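This is what each chain is made of:
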Amino acid sequence: NAGVMQNPRHLVRRRGQEARLRCSPMKGHSHVYWYRQLPEEGLKFMVYLQKENIIDESGMPKERFSAEFPKEGPSILRIQQVVRGDSAAYFCASSGGSSIQYFGAGTRLSVL
Amino acid sequence: GESVGLHLPTLSVQEGDNSIINCAYSNSASDYFIWYKQESGKGPQFIIDIRSNMDKRQGQRVTVLLNKTVKHLSLQIAATQPGDSAVYFCAENPGNAGKSTFGDGTTLTVKP
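Let me begin by describing the structure that accompanies this report. This one's a predicted model, so the numbers in the text were calculated from it and none came from an experiment.

Notes on the state of the cysteines
Residue and element names in this part refer to chain A.
Line of reasoning, step 1. Under the counting rule described, the total for this entry stands at 2 disulfides over all chains.
Line of reasoning, step 2. Covalently, Cys 23 is tied to Cys 92 through a disulfide, its sulfur atoms 1.8 Å apart. On the S-S bond that ties Cys 23 to Cys 92, the torsion sits near -55°, and the link is left-handed. Here Cys 23, found in strand β3 (residues 19–24), pairs with Cys 92, found in strand β9 (residues 88–95); they are 69 residues apart in sequence, far enough to count as distant. For the pair shown, Cys 23 and Cys 92 are each scored as buried.

Below, the structure is given as structure tokens:
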């Protein structure tokens, strides 16, 4: 009975490279959320997806960031041309349609 | 826009004492509130939730109180244990499957 699975747990990229973060929701969940957490801060909402559809992307930066949740496979958060300011922990959560979101362990992105 | 804030960034208590963590919110239309616990290196873990039509809800060793008049909620932990040491976040949710808005967190340290 696996929970929300995120990989990789740690990701190191050089400035200008691309980062791909993966999230497999809990079994039976079709709602996925991505949050970003800077050190000593709370989680900031980025995007909410429901199988192949972006429901709310009000927290996504306008450039370089994109997210998808294909019919088959995990949700992907993609950051193009990373900069040092992208260094953070990125958390994925899933729900079955209720307000309770279950979180993965996060991906810690470090940009050199 | 809405915001969720916490009164104190850190709280230190003696093992066995009760802990109270406070949270203020600004959106009077908020319908659903959730407390999460985040241990170092892990994702947020659901603790307890409460809807706006309730004043109090109890779980195992935890109680959440909601005061809609002053837009304040608190998390009470009875007989605090070392394993309770973590960062605690309150979050506001519109009551459907939408995004959650998180506060910045209170770090609880339990002294043996």
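Quick notes on the pairing of strand β2 (residues 10–14) of chain B
Side chains on a regular strand alternate between the two faces of the sheet.
Residue and element names in this part refer to chain B.
Line of reasoning, step 1. The alternating pattern of β2 places Leu 11 and Val 13 on a buried face and Thr 10, Ser 12 and Gln 14 on a face that is not buried.
Line of reasoning, step 2. As paired elements, β2 and strand β11 (residues 106–111) share 5 bridges and run parallel to each other. Along β11, the bridge assignment pairs Leu 11 with Leu 108.

What about the interface of chain B and chain A?
Line of reasoning, step 1. The interface of chain B with chain A comprises 22 residues on the first partner and 23 residues on the second.
Line of reasoning, step 2. Both faces considered, chain B and chain A share a buried interface measuring about 1600 Å² in area, 52% of it formed by carbon and sulfur atoms.
Line of reasoning, step 3. Considering only the surface of chain B that becomes buried against chain A, Ala 97, Lys 99 and Phe 102 of chain B emerge as the three largest contributors, covering 33% of it.
Line of reasoning, step 4. On inspection of chain B and its partner chain A, the count reaches 1 salt bridge.
Line of reasoning, step 5. Linking Asp 104 of chain B and Lys 44 of chain A is a salt bridge whose minimum nitrogen-to-oxygen distance equals 3.8 Å.
Line of reasoning, step 6. Of all the secondary-structure elements, those providing two or more residues to the side of chain B that touches chain A are β4 (32–38), β5 (45–51) and β9 (86–93) of chain B.
Line of reasoning, step 7. With 4 residues, β4 of chain B is the largest single contributor of residues to the side of chain B that touches chain A.
Line of reasoning, step 8. Of the residues belonging to the side of chain B that touches chain A, the class tally is 8 nonpolar, 9 polar and 5 charged.

Quick word on the sheet that holds strand β1 (residues 5–7) of chain A
Residue and element names in this part refer to chain A.
Line of reasoning, step 1. If you trace the 4 strands from one edge of the open sheet to the other, you get β1-β3-β8-β7, paired in antiparallel fashion. Because the sheet does not close on itself, it has two edges, and the strands there are β1 and β7 (65–68). Going from strand to strand, the sheet's axes swing by 15° on average, the running direction of each strand aside.

Brief notes about the nonpolar core
Generally speaking, nonpolar side chains in soluble globular proteins are found buried as a group.
Line of reasoning, step 1. Trp 34, Met 46, Leu 77 and Tyr 90 of chain A are the most contacted members of the largest nonpolar core, which has 23 residues in total.
Line of reasoning, step 2. Elements with a minimum of two residues in this core: β3, β4 (31–37), β5 (43–50), β7, β8 (75–79), β9 and β11 (107–111) of chain A.
Line of reasoning, step 3. Counting 20 residues, the second-largest nonpolar core is a separate cluster that includes Val 13, Ile 48, Ala 86 and Leu 108 of chain B.

Some thoughts on the pattern of salt bridges
Line of reasoning, step 1. Enumeration according to the criterion identifies 9 salt bridges over all chains in this entry.
Line of reasoning, step 2. For the salt bridge of Arg 51 of chain B with Asp 31 of chain B, the shortest nitrogen-to-oxygen distance reads 3.3 Å. Here Arg 51 of chain B, found in strand β5, pairs with Asp 31 of chain B, found in the loop between β3 (19–25) and β4; they are 20 residues apart in sequence, far enough to count as distant.
Line of reasoning, step 3. Residue classification places Asp 31 of chain B among the partly exposed residues on the basis of a relative accessible area of 26%.
Line of reasoning, step 4. The partner of Lys 68 of chain B in a salt bridge is Asp 55 of chain B, and the shortest N-O contact between them spans 3.3 Å. Linking Lys 68 of chain B in the loop between β7 (62–67) and β8 (72–77) with Asp 55 of chain B in the loop between β5 and β6 (56–58), this pair joins segments that are 13 residues apart in sequence.
Line of reasoning, step 5. By relative accessible area, which is 52% here, Asp 55 of chain B ends up exposed.
Line of reasoning, step 6. One salt-bridge network, in which partners are shared between bridges, spans Glu 18, Arg 20 and Arg 78 of chain A.

Thresholds applied
- Residues numbered from 1 in each chain as written.
- Chains lettered and ligands numbered in written order.
- Predicted model: local features only at pLDDT ≥ 70, side-chain atom pairs only at ≥ 80, totals over all residues.
- Heavy atoms only, no water.
- Disulfide = S-S within 2.5 Å.
- Helix = DSSP H or I, 4+ residues; strand = E, 2+ residues; numbered from the N terminus.
- Buried < 20%, exposed > 50% of the residue type's maximum accessible area, 1.4 Å probe, protein only.
- Pairing = 2+ DSSP bridges.
- Contact = heavy atoms within 4.5 Å.
- Buried area = accessible area lost by both parts, 1.4 Å probe.
- Salt bridge = Lys/Arg side-chain N within 4 Å of Asp/Glu carboxyl O.
- Nonpolar A, V, L, I, M, F, W, Y, C, P; charged D, E, K, R; others polar.
- Axes fitted to C-alpha atoms, helices over the stretch in contact; angles between N-to-C directions.
- Core = buried A, V, L, I, M, F, W, Y, C linked by side-chain atoms within 4.5 Å.

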